[in-house]
Amino acid sequence: PYATLEASLLNNAIITTRAGGIEEIFTNQKECLLTDFGNEQQLADCFATLYNNKDLKINIAYNAKKVTSELFSLDMMETKMTIFQFYKKNINRNK
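Note that this is a predicted model, so its numbers are computed, not measured.

## What to know about the overall build of the protein chain
A count of helices and strands for the protein chain gives four helices and two strands. For 95 residues, the compact-globule estimate of 2.2 N^0.38 gives 12 Å, and the protein chain exceeds it by more than 25% at 17 Å. A principal-axis box enclosing the C-alpha atoms of the protein chain has dimensions of 60 × 25 × 15 Å. Put simply, the protein chain has 95 residues, and 22% of those count as buried. Across the protein chain, every contact between residues at least 6 apart in sequence was considered, and the portion connecting residues at least 24 apart equals 46%. Split by element, the accessible area of the protein chain, about 7000 Å² in all, is 56% carbon and sulfur. Distance between charge centroids for the protein chain: 11 Å, based on 11 positive and 11 negative side chains.

So, in structure tokens, the structure goes:
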């Protein structure tokens, strides 16, 4: 979902399919609008929803950027790598 994450950091309201683990990051109607893969009517409805509801569009874009910034900040990534290295070191020590 890298393209989706990058788009969220550019303040875009996200419309995406339920694929690639995006539901582990974003919640439908809060940080994105989710559609089923191949459902053209659902996709068109999502575009219409954002086009006709500017406040929702702004809120989804804001919320998506906030979540992406929090989960994938440099500080967060450094913390995750430090934890990973700690566990890797201790697992190898116990072998």
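## A short note on the nonpolar core
Counting residues in each nonpolar core, the largest one holds nine residues, listed as Leu5, Ile14, Ile22, Ile25, Phe26, Cys32, Leu34, Ala64 and Val67. Not counting the four nearest positions on each side in its chain, leucine 5 is found in contact with Ile25, Phe26, Thr68 and Phe72. Judged by nonpolar contacts, the second largest core, of five residues, contains Cys46, Leu50, Leu56 and Ile60.

## Overview of the environment of glycine 20
Structurally, glycine 20 is set in the loop between strand S1 (15–17) and strand S2 (33–35). Take glycine 20: its relative accessible area is 59%, and that puts it in the exposed class. Along the primary structure glycine 20 and tyrosine 2 are separated by 18 residues, whereas in three dimensions their C-alpha atoms are 9.7 Å apart.

## Concerning the pattern of salt bridges
In this structure the tally under the stated criterion is two salt bridges. As a salt-bridge pair, arginine 18 and glutamate 23 come within 3.8 Å of each other at their nearest N and O atoms. Its relative accessible area of 37% is what places arginine 18 among the partly exposed residues. Residue classification places glutamate 23 among the partly exposed residues on the basis of a relative accessible area of 47%.

## A few points about the packing of helix H2 (residues 40–52) against helix H3 (residues 54–71)
The interhelical angle for the contact between H2 and H3, taken along N-to-C directions, is 105 degrees, at an axis separation of 5 Å. Compared by their axis directions, H2 and H3 come out roughly perpendicular. Contacts between H2 and H3 involve Thr49, Leu50, Tyr51 and Asn52 on the former and, on the latter, Lys54, Leu56, Lys57 and Ile60. Classifying every residue of the contact of H2 with H3 gives four nonpolar, two polar and two charged.

## Quick notes on the side chain of serine 8
In this structure, serine 8 sits in helix H1 (residues 2–9). Here serine 8 falls in the buried class, since its relative accessible area comes to 0%. A polar atom in the side chain of serine 8 sits 2.6 Å from the backbone oxygen of leucine 5. Filtering out sequence-adjacent residues up to four positions away, serine 8 remains in contact with Ile14, Phe26, Ala61, Ala64, Lys65 and Thr68.

Definitions and limits used
Residues numbered from 1 in each chain as written. Predicted model: local features only at pLDDT ≥ 70, side-chain atom pairs only at ≥ 80, totals over all residues. Heavy atoms only, no water. Helix = DSSP H or I, 4+ residues; strand = E, 2+ residues; numbered from the N terminus. Rg over C-alpha atoms; globule rule 2.2 N^0.38 Å. Buried < 20%, exposed > 50% of the residue type's maximum accessible area, 1.4 Å probe, protein only. Contact = heavy atoms within 4.5 Å. Areas by Shrake-Rupley, 256 points an atom, 1.4 Å probe, with all protein chains shown as cover. Lys, Arg positive; Asp, Glu negative; His and termini not counted. Charge placed at Lys NZ, Arg CZ, Asp CG, Glu CD. Core = buried A, V, L, I, M, F, W, Y, C linked by side-chain atoms within 4.5 Å. Salt bridge = Lys/Arg side-chain N within 4 Å of Asp/Glu carboxyl O. Axes fitted to C-alpha atoms, helices over the stretch in contact; angles between N-to-C directions. Parallel < 35°, antiparallel > 145°, perpendicular 65-115°, else oblique. Nonpolar A, V, L, I, M, F, W, Y, C, P; charged D, E, K, R; others polar. Polar contact = N/O pair within 3.5 Å; in protein donor to acceptor, adjacent residues only side chain to side chain.

All we've got here are geometric facts, nothing functional implied.
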